[in-house]
Amino acid sequence: MHIDDLIDATNLYINSEEHDRPQLSIPKEWAQGRTAYGGLTGALVYSAIREKVSNDRLLRSFACNFVGPVITEAPYDIEVEVLRQGKNVTQVIGKAIQDGNVCVMVQAAFGVSRDSKIDVPNTDRHTMRAPTKADFLPQIPKITPKFLRHIDLARQGGGLPFTGSKESKIDGWMRFTKPPKALTDAHLIALIDGWPPTTLQMLNWPAPASTMSWNIEFVYPHYAFSPQEWFAYQVRTRQAADGYAQTEANIWDSKGQLIAISRQTIAVFD
């Protein structure tokens, strides 16, 4: 099932009366180990939130906590609450709930654009060459996460998971294997989480890892994106100890414009 179908189903759900809502579930092809792919679940909760916010308010920050697994092929619900809608900023929370338990919780902040005397341009750049094709990992049963059949990853720096690398970084590009109808913030959220945690490349053997919290700050203004567009991605481990790691990533569009900064707290069970 394409991500557009899942987003459309989510938007239909959140705009329907409670007694007339369709059932939501995520197919196994979007699995990541024992749970649904976190980038997708965060994106779907965000998409439901977006439906409650006027279009003149742009997504400024996205904060997501993965409280528990979302089981694929099982029904779940989404709840949205507008915490405050001020003159300039709207704050909203959304929850994915399965079997009565909160599995994913998102808080999003939206703000209107205003005239300002402050203008500090971004100076972060990358020097990666443009990709020609995906080259990250083939679909290996019981090894490669199922959701990666939907995302193209082209790695240009850093190691592969479980290869005993001395590095803890990834440089590369990403896009959807089958382009969406239009590329929205929800699609970007789903893309950004596609890479494995940087710490896994330092291990010599398979071990599970789980993102606990995830924050994305979106940078504006930016251009409209092509659905076929590659996005550049560079992530570094800022610190890791006691079974937890903090990572920070920059994301650029194909023109070299910084569009988002992503930070994660990751639990590694090695």
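Further up the page is the structure itself.
About the cut-offs
Residues numbered from 1 in each chain as written. Predicted model: local features only at pLDDT ≥ 70, side-chain atom pairs only at ≥ 80, totals over all residues. Heavy atoms only, no water. Pairing = 2+ DSSP bridges. Helix = DSSP H or I, 4+ residues; strand = E, 2+ residues; numbered from the N terminus. Axes fitted to C-alpha atoms, helices over the stretch in contact; angles between N-to-C directions. Contact = heavy atoms within 4.5 Å. 1 Å grid on protein atoms, 1.4 Å probe; cavity = no way out; pocket = protein on both sides within 12 Å on 5 of 7 lines; lining within 4 Å. Points joined across faces, edges and corners; volume = space filled by probe spheres on them. Nonpolar A, V, L, I, M, F, W, Y, C, P; charged D, E, K, R; others polar. Core = buried A, V, L, I, M, F, W, Y, C linked by side-chain atoms within 4.5 Å. Buried < 20%, exposed > 50% of the residue type's maximum accessible area, 1.4 Å probe, protein only. Parallel < 35°, antiparallel > 145°, perpendicular 65-115°, else oblique. Left-handed = near helix turned anticlockwise from the far one by under 90°. Salt bridge = Lys/Arg side-chain N within 4 Å of Asp/Glu carboxyl O.

**With respect to the sheet that holds strand β10 (residues 231-241)**
No. 1: Taken together, the ten strands give an open sheet; going across it, the order is β4-β5-β6-β3-β9-β12-β11-β10-β8-β7, and neighbouring strands pair in antiparallel fashion. If you trace the sheet from one side to the other, it starts and ends with β4 (77-85) and β7 (151-158), each paired once. Here the strands of the sheet are splayed against their neighbours by 20 degrees on average, with no regard to which way each runs.
No. 2: Where strand β8 (residues 169-176) lies against β10, six bridges are found, and the strand directions are antiparallel. When the bridges of β10 are listed, G172 appears paired with Y233.
No. 3: Contacting β3 (58-66), β7, β8, β9 (209-218), β10, β11 (244-252) and β12 (258-268), helix α3 (residues 185-192) crosses the sheet at an angle of about 140 degrees to β9.

**Examining the pairing of β3**
A regular strand places its side chains so that they alternate between the two faces of the sheet.
No. 1: In terms of strand pairing, β3 meets strand β6 (residues 101-111) through eight bridges, oriented antiparallel. Within β6, the position partnered with A63 by the bridge is Q107.

**Concerning empty space enclosed by the protein**
No. 1: All told, the structure shown has one cavity of 30 Å³ or more when counted by the stated rule.
No. 2: Within this model, the largest cavity holds a volume of roughly 40 Å³.
No. 3: In terms of lining, the largest cavity is formed by I26, T41, L44, V45, V70, Y76, I78 and A96.
No. 4: When residues of the lining of the largest cavity are assigned to their parent elements, the largest contribution, three residues, is made by helix α2 (residues 38-50).
No. 5: Classifying every residue of the lining of the largest cavity gives seven nonpolar, one polar and no charged.

**Comments concerning the nonpolar core**
No. 1: With 59 residues, the main nonpolar core has F62, V104, M174, I189, F231 and I251 as its most contacted residues.
No. 2: Setting aside residues up to four positions removed in sequence, V104 forms contacts with T41, V45, C64, N65, F66, V70, G94, K95 and A96.
No. 3: Judged by nonpolar contacts, the second largest core, of eight residues, contains A154, W230, W252 and I261.

**A word on the packing of helix α1 (residues 3-14) against α3**
No. 1: Where α1 contacts α3, the axes come no closer than 11 Å and their chain directions differ by 125 degrees. Taken together, the axes of α1 and α3 are oblique relative to one another. The handedness of the crossing between α1 and α3 is right-handed. Residue-level inspection shows I3, D4 and I7 of α1 in contact with α3, the latter providing A186, H187 and A190.
No. 2: Among the residues making up the contact of α1 with α3, the classes are represented as four nonpolar, one polar and one charged.

**Side note on the pattern of salt bridges**
No. 1: Under the defined criterion, the tally for this structure stands at seven salt bridges.
No. 2: Between K181 and D8 there is a salt bridge; the shortest N-O distance is 3.1 Å. Of this pair, K181 sits in the loop between β8 and α3 while D8 is found in helix α1, placing the two residues 173 residues apart along the sequence.
No. 3: Notably, a salt bridge pairs D171 with R236, separated by 2.8 Å at the nearest N-O pair. Separated by 65 residues along the polypeptide, D171 in strand β8 and R236 in strand β10 bring together distant segments of the chain.
No. 4: Judged by relative accessible area, which is 10%, D171 ranks as buried.
No. 5: Connected via shared salt-bridge partners are E217, R238, E248 and R263.

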